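The residues making up each chain are set out below.
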Amino acid sequence: MIEIHTMTIDCPQPYELAQWWSEALGWPLVDSEPEDDEVMLDRPDGPPHLLFIRVPEGKTVKNRLHLDVTPAGDGTRDQEVERLLALGAKPFEDHRTPEGAGWVTLLDPEGNEFCVCRSEAERAASA
């Protein structure tokens, strides 16, 4: 068996993108400077961590792998979507249904897709 230790995201500006994700997730940067080619976000509960690595080429097509995130605590999916948009995420695709199910796909500042899903409490309330 294996465990996922780190998810790596290629990007042209690792420090800046890691800072954005640090604010979005509440995970701290690990010993990083703005000029670093590799910047790690340390998940407080342990792996998996996020590692941002500088690459020269930009994103050109849809991600083959993306993050699905859920609200922590008492927050709702829709509250998190609004918070992330205020942080600088861009709307991409809205898959919410009139009944309240579904998710919202957003883009981080470098155009990487990620999905905001309902919280555990929201899913339990609709079951």
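Quick caveat: nothing in here was measured; it's all calculated off a predicted structure. (Residues numbered from 1 in each chain as written. Predicted model: local features only at pLDDT ≥ 70, side-chain atom pairs only at ≥ 80, totals over all residues. Heavy atoms only, no water.)

Quick notes on the state of the cysteines
Convention followed: The disulfide definition used here is simple: a pair of cysteine sulfur atoms within 2.5 Å. Note on classification: 1.4 Å probe, protein chains only; a residue is buried when its accessible area is under 20% of the maximum for its type, exposed when over 50%, partly exposed between these limits.
For the structure on display, the rule yields zero disulfides. Just so you know, Cys-11 is unpaired, no disulfide at all, and the nearest cysteine sulfur is the one on Cys-115, 19 Å from it. For Cys-11, a relative accessible area of 0% translates into the label buried. Cys-115 provides the cysteine sulfur closest to Cys-117, a residue in no disulfide bond, and the two sulfurs are 5.9 Å apart.

Things to note about the nonpolar core
The following threshold applies: For our purposes a nonpolar core is just a set of buried Ala, Val, Leu, Ile, Met, Phe, Trp, Tyr and Cys residues, chained together by side-chain atoms within 4.5 Å. Elements are defined by DSSP. Helices are runs of H or I of four residues or more, strands are runs of E of two residues or more, and each kind is numbered from the N terminus. Contacts between residues were defined by any pair of non-hydrogen atoms, one from each residue, lying within 4.5 Å.
If you look at the biggest cluster of nonpolar residues, it comprises 22 residues, and the most contacted ones within it are Trp-21, Phe-52, Leu-84, Leu-106 and Phe-114. At six residues, helix H1 (residues 14-25) tops the list of elements feeding residues into this core. When neighbours within four sequence positions are excluded, Phe-52 is seen to be in contact with Ile-9, Cys-11, Pro-14, Leu-17, Ala-18, Trp-21, Asp-37, Glu-38, Val-39 and Leu-41.

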